[in-house]
Amino acid sequence: MTEKLYNDIEYNYKLIEERITEAAIKSGRARDEITFLAATKTVDAERINYAISLGLKYIGENKVQELLSKYDDYDLENASLQFIGHLQSNKVRQIVGKVDLIQSVDSVKLAKEISKQSLKNNVNSDVLVEVNIGEEESKSGIKAEQLYELLDEIKNFDNISVKGLMCIPPICDSPQKILKFFDKMNNIFIDISGKNIDNISMDILSMGMSADYYEAILSGANMVRVGSSLFGARDYK
Ligand SMILES: *Cc1c(COP(=O)(O)O)cnc(C)c1O
């Protein structure tokens, strides 16, 4: 890895840290109440581990194959590995026990499979439910109106615990427009928290990416997933 790449990651890391701190304070919270997860798709383990050496503590992959190919090389002594992408039921067994959080549960079928594989491996899997907050056909995630039904099923499954919600809102041409979706998510998050459902805790609200993590924190996010602002533009080759 070239000197410049290292320097860029360090510079970006510090800048993101500063902005997260600023947004946390602005929203009446402390820096340590917000989790900074780096979205690491297409980024090699060397660069990921360099970010970890700077203090990064959470990383997230969004493809099972890519996660497995890098798995032995991540510095997992110093960071928590999570799954943030769309997950097919037939791939669940490949990651259960390897990741600390699956952020993208959006169907009873998927939750049931995570429960089954977790039971088999004698582990407990923490998950977030992904909400398709913009109700876009092209996106995964469950519609907000079906969320309670889904939680009502998952709460009875063994070896799986819901820890919160995640969303990827529609692409908006201004931060103001995206705030509407973040606020809607935060309201749902607060509503579910207040219901005290068994086995369902609302600890994590995962929303905000490179373009909008600042706004997301202002709207209540306590986990942001940042990729390109940290590692630079992705090279999909
Ligand atoms: C890639 C990705 C991100 C980060 O995207 P950037 O815009 O590069 O910050 C966040 N969440 C998920 C689920 C992703 O796949």
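Given the structure is predicted, the values throughout are model-derived calculations rather than measurements.

A. Main features of the nonpolar core. One finds I102, V129, L147, L165, I192 and L230 to be the most contacted residues of the largest nonpolar core, which totals 68 residues. Considering each element in turn, this core owes the most residues, seven residues, to helix α7 (residues 175-195). Once residues lying within four places of it in the same chain are set aside, the contact partners of L165 are L128, V129, V131, L147, M185, I188, F189, I192, M202, I204, L205 and S206. Grouped together as the second largest cluster of nonpolar side chains are eight residues, L101, L128, M166 and M223 included.

B. Structural view of the pattern of salt bridges. Under the definition given, this model contains 10 salt bridges. As a salt-bridge pair, E10 and K14 come within 3.2 Å of each other at their nearest N and O atoms. On the criterion of helical spacing, the pair formed by E10 and K14 is a turn pair, its members being four residues apart in helix α1 (residues 3-26). Taking the relative accessible area as the measure of exposure, E10 reaches 26% and is therefore partly exposed. The residue K139 makes a salt bridge to E136 at a minimum N-O spacing of 2.8 Å. K139 gets classed as partly exposed once you look at its relative accessible area, which sits at 24%. Here the salt bridges do not stand alone but share partners, grouping E61, E66 and K70 into one network.

C. Just the site of the ligand, in detail. Around the ligand, the neighbouring residues are A39, K41, N62, I84, I168, M209, S210, R225, V226, G227, S228 and R234. Here an oxygen atom of the ligand sits 2.5 Å away from a polar atom, N or O, in the side chain of S210. Between the ligand and the protein, one listed contact pairs a nitrogen atom with a side-chain N or O atom of R225 at 2.9 Å. Residues of the shell around the ligand, tallied by class, amount to five nonpolar, four polar and three charged.

D. Geometry of the side chain of R225. Considering the arrangement of structural elements, one finds R225 in strand β8 (residues 223-226). It is E130 that comes nearest to the buried, bridge-free R225 among opposite-charge side chains, at 7.0 Å. A polar contact is formed between the side chain of R225 and the backbone oxygen of C167, at a distance of 3.1 Å. Those residues in contact with R225 that sit more than four places away from it in its chain are L37, I84, Q103, M166, C167, I168, S206, M207, G208, M209 and S210.

E. The arrangement of the environment of L147 in detail. As for its placement among the helices and strands, L147 is situated in helix α6 (residues 147-154). Judged by its relative accessible area of 0%, L147 is buried. For the pair formed by L147 and N132, sequence separation is 15 residues and the distance between their alpha carbons is 9.9 Å. Every residue in contact with L147, bar those within four places of it in the chain, is listed here: V129, V131, I142, L165, I188 and I192.

F. View of the packing of aromatic side chains. Counting across every chain of the model gives two aromatic pairs. Aromatic pair Y6 and Y50: ring centres 4.4 Å apart, planes at 85°, arrangement edge-to-face. Of the two residues, Y6 sits in helix α1 while Y50 sits in helix α2 (residues 45-54), which places them 44 residues apart along the sequence. A relative accessible area of 17% means that Y50 is categorised as buried. One residue, R19, lies across the ring of Y213, its end atom 5.0 Å from the ring centre.

G. Representation of the pairing of β8 in the model. The two faces of β8 match: M223 and R225 on one face and V224 and V226 on the other face are all buried. Bridging between strand β1 (residues 35-39) and β8 involves four bridges; their strand directions are parallel. Pairing of L37 across the sheet is with R225, part of β8.

H. Region of interest: the packing of α1 against α2. Direction vectors running N to C along α1 and α2 enclose 45°, while the axes themselves pass 10 Å from each other. One finds that α1 runs oblique with respect to α2. As α1 runs across α2, the sense of the crossing is right-handed. Across the interface between the two elements, L5, Y6, I9, E10 and Y13 from α1 touch E46, R47, Y50, A51 and L54 from α2. Its residues assigned to classes, the contact of α1 with α2 shows seven nonpolar, no polar and three charged.

How each quantity is defined
Residues numbered from 1 in each chain as written. Predicted model: local features only at pLDDT ≥ 70, side-chain atom pairs only at ≥ 80, totals over all residues. Heavy atoms only, no water. Core = buried A, V, L, I, M, F, W, Y, C linked by side-chain atoms within 4.5 Å. Buried < 20%, exposed > 50% of the residue type's maximum accessible area, 1.4 Å probe, protein only. Helix = DSSP H or I, 4+ residues; strand = E, 2+ residues; numbered from the N terminus. Contact = heavy atoms within 4.5 Å. Salt bridge = Lys/Arg side-chain N within 4 Å of Asp/Glu carboxyl O. Near = heavy atom within 4 Å. Polar contact = N/O pair within 3.5 Å; in protein donor to acceptor, adjacent residues only side chain to side chain. Nonpolar A, V, L, I, M, F, W, Y, C, P; charged D, E, K, R; others polar. Lys, Arg positive; Asp, Glu negative; His and termini not counted. Phe/Tyr/Trp six-rings, centres within 6.5 Å; stacked < 30°, edge-to-face > 60°. Lys NZ or Arg CZ within 6 Å of the ring centre and 35° of its normal. Pairing = 2+ DSSP bridges. Axes fitted to C-alpha atoms, helices over the stretch in contact; angles between N-to-C directions. Parallel < 35°, antiparallel > 145°, perpendicular 65-115°, else oblique. Left-handed = near helix turned anticlockwise from the far one by under 90°.

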